[in-house]
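So the chains spell out like this:
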Amino acid sequence: MEPAKEEESSVQDEAVDKSNFKNCNHIAFYRRQKLLLPGNSLYQALLDSVTLCNDSVKLQIINEKNKVPLLVEIYAIDGNIFRLKINEVSPLKSRYEVPDVLIKEPTTQRLSIAQKEAGILVLTCANEDCKLHITANPFQIELESQDETVLSVNTNGLLYFEHLQLTPQNSKTTAQKKEDASIDSSQENQEDLGLWQEEFGSFLDIKANGPSSVGLDFSLHGCEHVYGIPEHAETLLLKNTSDRDAYRLFNLDVYGHKIHDKMGIYGSVPFLLAHKPNRTSGIFWLNSSETLVEINTKAVMEHVPSRSPPDITKQRVVPQTDVRWMSESGIIDVFLLMGPTPFDIFKQYAQLTGTQALPPLFSLGYHQCRWNYEDEQDVKTVDTGFDEHDIPYDVIWLDIEHTDGKRYFTWDKKKFQHPKRMQELLKRKKRKLVVIIDPHIKVDPLYALYSEAKKKGYFVKNRKGQDFEGICWPGSSSYLDFTNPEVREWYADQFAFKSYKGSTDVLFVWNDMNEPSVFKGAELTMQRDAVHHDNWEHREVHNLYGFYQQMATAEGLIKRSGGQKRPFVLTRSFFAGSQKYGAVWTGDNVAEWSYLKISIPMLLTISIAGISFCGADVGGFIGDPEPELLVRWYQAGAYQPFFRGHANIESKRREPWLFGDENTQIIREAIRERYTLLPYLYSLFYRAHTTAEPVMRPLWVEFSKEQETFGVEDEYMLGNALLVHPVTEQEATTVNVLLPGSDEVWYDFRRFRRLDYPGTLKIPVTLESIPVFQRGGSVVPLKTTVGRSTEWMTDISYELRVALDSKDFAVGELYLDDGHSFQYLHKKQFLHRKFTFHKNVFSSSCADEIGQYHTTCVVERVLILGVQKQPTSVTVSLQDGKDKEVVFTYDAKTSMLTLEKLLLNVGADWEIHIK
């Protein structure tokens, strides 16, 4: 029987009251864990149970009150990582362990026992200078590196583990209930603690498996600066949390989310970094259920052994940060990353969860989006508008209104009658189309996608075993169960050209609403007692839902091209490892200055948590930006990894040319600057892809010993060469810029002025541009001019901008391939060049001999900044041994040497000699 016609949902369904979301007080497992007070550990290690295996050390610990034993497994992983797993020795049934996030089972090293006596066990591993000290009573672990305690586990005795139990009616006697530490037998208290069911507003969450929460605390010694655990609209530096104000990791659709709030928004990466001048370390808590993180930085007394007399120890005050993790369910599976440098941490985390996928080059251009471009004519008009106003762009986007009644993989029959023709017109202009494809599927037996998925049993079920139904854009909807590999494979097949009618090879995908968003649901998401593949409750997998949709979508785009072409998929919801599948953005922001300002720490936090391809909606999604704010947002976005303008259905039109000639000119200049910068950006993405270096990075990552950089969040490094300081204050005439490093030299990126006195400088600004500085010692590759999109720019020549450091040295690189295929990987079709300035010789050499990509593209111009005196001659030596004179000009005021008309093949070896 056909369901009654449903009204589709509107933006009002999303514009919700914050009371729809829980705070810590509402979360039962948090209330239960908070009953455990610091300093009273219930666990003791049974050192007689220690067994040494090939890949790990295993031992049991026991809860002294309820006598339930837990199994502890400790692994030493290649590359200075330790893994700690804690699970029940014999649970009633399996507990959820997160699959698919680790790229492979990590390679382990053998641990050996160095000492075992009087309640202490000391473990060492083969080739790292690390020791683990395990204390039996109370159970604690200390990680030591080079005789310094880096990190300790269960320091405050907050290890918490609710073992699975039989449901109350058929389980224990009253006496046994009283025995159980985590459960009070009074009915009222049971309800308050939410053991078997939990209420929130009018919603009831039935817990078929009862309470299954886990928690553990860690102490980071000598550290007072901690970062990470996105996504929150918060500062870069994580703040101390008070009671009932923990950082929440729980993916939620929060329209116009508040700023400076620790509530969970669209994505969750349970990865925290701690930094001090001599070491960076990390904690990766692999759990996909709702997770809360408490942070407390304090001063502690540390004993310093004294040499004389031997029995006296001195004391000193040092900082320490305690971090407490609490999750609703699963097991404890935590990776301790020992660094010691920030870049070591990034590599270690990527070794576990993968590196950033190498994006197709077009996706690093500018993206034009709104909810919604009305029809094919609107698309054509906007596309033409960019050409008429001489503004480059690569991709136009279609939001939910392009479909037939919010049925994804379809087109509105009136407004988009000829989708292929529309895409052909874009293709002729070397541009692309992105369409939105959300995870909810309209309940409609006549909709082929729905009826096939229903027949195959591919939807998430409710606890009674029927398809879960919730309200979203199409009205009543069911939700594909992406945790099921069979569903993911089927979903990937839907992107085939024969299945997705009207799609072509220039169509790419945007996954939105995949937290998953359920209007009128508890916290606007899926019931936690909904049931997924293999009978796992939604509570176990919640934070993985969007991760799996993006995985399946990326796979579909690769499959559709016969494995030849790189996909582009933007997702709103994400988890650890999402970097392997594409890009993320910060969701439904607001057209206000404060949202421009907070976007910088938000993107920096996402970047250091492994996801380099990230951005914020330029102009703010909700509301109407004043022209000055829009201009400033374009200037910031041009120097951030993902660059998209986007606006709400209720916002006024805001294509870049609608704000008067002067603003059009400034926005045009910002976007064109982005396009000249693409060779540098693409090279940075290659580094992110191969060595896990974030494209956009906090200052402290590059200047790890400079304490003044540790809290800076209003400026950042783009790669290691450019320092960017967006203007985020209205009507600003000056900004205070920190140029770090006492021995660093900096140059104004546009005016080439050398700044020899680093520190905080007051820099005058006009509306025309934002401060960008090039670091001495770097070489930045640029294009000499721009085209209408990235594909028009393949043969445009290069400019190399060489900035000399205090020792007259500079080094940089350029990565090049066809920009769209996997041939760089499978057929070594890439070029990786290294540029070096040393002793008045500027040379180009091969950075990776394996690369075999051929290009006719040339280096036309070289600018050398910081040349102290005018040269008498400049010659270039080519591979064939021939020398030729070079045309040059010297500007004494800026100490800049310009070499023109070089026409040196970018793939060849050559040297430029300056006398």
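Residues numbered from 1 in each chain as written. Predicted model: local features only at pLDDT ≥ 70, side-chain atom pairs only at ≥ 80, totals over all residues. Heavy atoms only, no water.

## Re the overall build of the protein chain
The criterion, for reference: By the criteria applied, helices consist of DSSP H or I runs no shorter than four residues and strands consist of E runs no shorter than two, each listed in order from the N terminus. Between the two quantities, the radius of gyration covers C-alpha atoms and the globule rule is 2.2 Å times the number of residues to the power 0.38. The cut-offs for exposure are 20% and 50% of the maximum accessible area for each residue type, with area from a 1.4 Å probe on protein chains only; residues under the lower value are buried, those over the upper are exposed, and the others partly exposed. Contacts are residue-level and defined by heavy atoms, with any inter-residue pair within 4.5 Å sufficient. Using the Shrake-Rupley algorithm and a 1.4 Å probe, accessible areas are obtained, with residue cover drawn only from the displayed protein chains. Working convention for charge: Lys and Arg count positive, Asp and Glu count negative, and His plus the chain ends are omitted. Throughout, a charge is located at the NZ atom of Lys, the CZ atom of Arg, the CG atom of Asp or the CD atom of Glu.
Assigned secondary structure in the protein chain consists of 17 helices and 52 strands. Taken over the C-alpha trace, the protein chain has a radius of gyration of 29 Å; the compact-globule value for 915 residues is 29 Å, and the two agree within 12%. Overall, the C-alpha framework of the protein chain stretches about 95 × 90 × 50 Å when taken along its three principal axes. In the protein chain, buried positions account for 63% of the 915 residues. Residue pairs at least 24 apart in sequence account for 72% of intrachain contacts in the protein chain once pairs closer than 6 positions are excluded. Entry remark: accessible area of the protein chain is about 34,200 Å², with carbon and sulfur atoms responsible for 49%. Charge-centre separation for the protein chain: the mean point of 102 positive side chains lies 3 Å from the mean point of 125 negative side chains.

## Describing the side chain of T664
Relative to the assigned elements, T664 resides in helix α14 (residues 661–676). Those residues in contact with T664, other than ones at most four positions away along the chain, are H389, I391, P656, W657 and L658.

## A short note on empty space enclosed by the protein
Here is the rule: Both site types are read off a 1 Å grid over the protein atoms alone. A 1.4 Å probe that fits but cannot get out defines a cavity, while an open set with protein on both sides within 12 Å along at least five of seven lines defines a pocket; lining residues have an atom within 4 Å of a point. Grid points are joined across faces, edges and corners, and a volume is the space filled by probe spheres set on the points.
Within the structure shown, the criterion is met by 11 cavities of 30 Å³ or more. Looking at the largest cavity, its volume works out to about 140 Å³. Along the wall of the largest cavity there are 14 residues; nearest its centre are K22, D205, A522, Q527 and R528.

## Re the nonpolar core
Here is the rule: Definition used in this section: a nonpolar core is a set of buried Ala, Val, Leu, Ile, Met, Phe, Trp, Tyr and Cys residues joined via side-chain atoms within 4.5 Å.
Judged by nonpolar contacts, the single largest core of 179 residues is most densely connected at F284, L480, F568, Y639 and L718. Non-local contacts of F568, meaning those with residues more than four positions away in its chain, are made with P360, F362, S363, H367, W397, V434, F508, V509, L557, A583, F613 and F642. Formed by 52 residues, the second largest nonpolar core is a distinct cluster that contains V72, L84, Y247 and V323.

## Topic: the layout of surface pockets
Put simply, the rule reads: Ten residues, namely Ala, Val, Leu, Ile, Met, Phe, Trp, Tyr, Cys and Pro, are considered nonpolar, four, namely Asp, Glu, Lys and Arg, are considered charged, and the remaining ones, Gly among them, are considered polar.
For the largest pocket, the calculated volume is near 680 Å³. As for the largest pocket, its lining consists of 34 residues, of which L361, E791, D818, G819 and H820 are closest to the centre. When contributions to the lining of the largest pocket are tallied by element, the ones reaching two or more residues are α15 (678–691) and β43 (810–817). With four residues, the top contributor of residues to the lining of the largest pocket is β43. Within the lining of the largest pocket, the residues separate by chemical class into 16 nonpolar, six polar and 12 charged.

## Brief notes about the sheet that holds strand β30 (residues 583–585)
Here is the rule: The rule for pairing is simple: two strands pair if DSSP sees at least two bridges between them.
Read from one edge of the open sheet, eight strands run β31-β30-β29-β28-β24-β23-β22-β32, paired in parallel fashion. For this open sheet the edge positions go to β31 (614–615) and β32 (643–645), each flanked by a neighbour on one side alone. Both strand β28 (residues 507–511) and strand β29 (residues 569–571) contribute to a ladder of three bridges, which runs parallel. By the bridge assignment, W510 is partnered in β29 with L570.

## Thoughts on the pairing of strand β40 (residues 772–775)
Where burial is concerned, the two faces of β40 agree: the one with V772 and Q774 and the one with F773 and R775 are both buried. Examined bridge by bridge, strand β35 (residues 722–724) and β40 share three bridges and lie antiparallel to one another. Across the sheet, the residue bridging to L723 is F773, located in β40. The pairing of strand β37 (residues 746–748) with β40 spans three bridges and is antiparallel. In the sheet register, Y747 faces β40, and the bridge partner there is Q774.

## What about the state of the cysteines?
Spelled out, the test is: The disulfide definition used here is simple: a pair of cysteine sulfur atoms within 2.5 Å.
Scanning the model with the defined rule gives zero disulfides in all. As a non-bridged cysteine, C857 has C846 as the owner of its nearest cysteine sulfur, 17 Å distant.

## Considerations on the pattern of salt bridges
To keep things clear, this is the line we draw: Take a side-chain nitrogen of Lys or Arg and a carboxyl oxygen of Asp or Glu: if they are within 4 Å of each other, that pair is a salt bridge.
In this structure the tally under the stated criterion is 65 salt bridges. Taking the shortest distance from any N to any O, the salt bridge between D505 and K565 comes out at 3.7 Å. In this pair, D505 is assigned in the loop between α9 (485–493) and β28 and K565 in the loop between α11 (545–560) and β29, connecting sequence segments 60 residues apart. A residue is classified by how much of its surface remains accessible, and K565, at 33% relative accessible area, is partly exposed. Close ionic contact of E799 with R801 constitutes a salt bridge, the shortest N to O distance being 2.9 Å.

## Examining unusual backbone geometry
Backbone geometry follows two general trends: most residues other than glycine have a negative phi, and most peptide bonds adopt the trans configuration. Here the residue pair N137 and P138 is connected by a cis peptide bond, since its omega of -5° sits within 30 degrees of zero. Looking at where P138 falls in the secondary structure, it is placed in the loop between β8 (130–135) and β9 (140–145). In this model, W371 is joined to N372 through a cis peptide bond whose omega is 15°. For N372, the location among the structural elements is in the loop between β22 (366–368) and α6 (376–388). Within the chain, D147 stands out as a residue other than glycine whose phi angle is a positive 65°. On the secondary structure map, D147 appears in the loop between β9 and β10 (148–153). For K520, which is not a glycine, the phi torsion comes out positive at approximately 65°. Counting through the fold element by element, K520 comes out in the loop between β28 and α10 (538–541).

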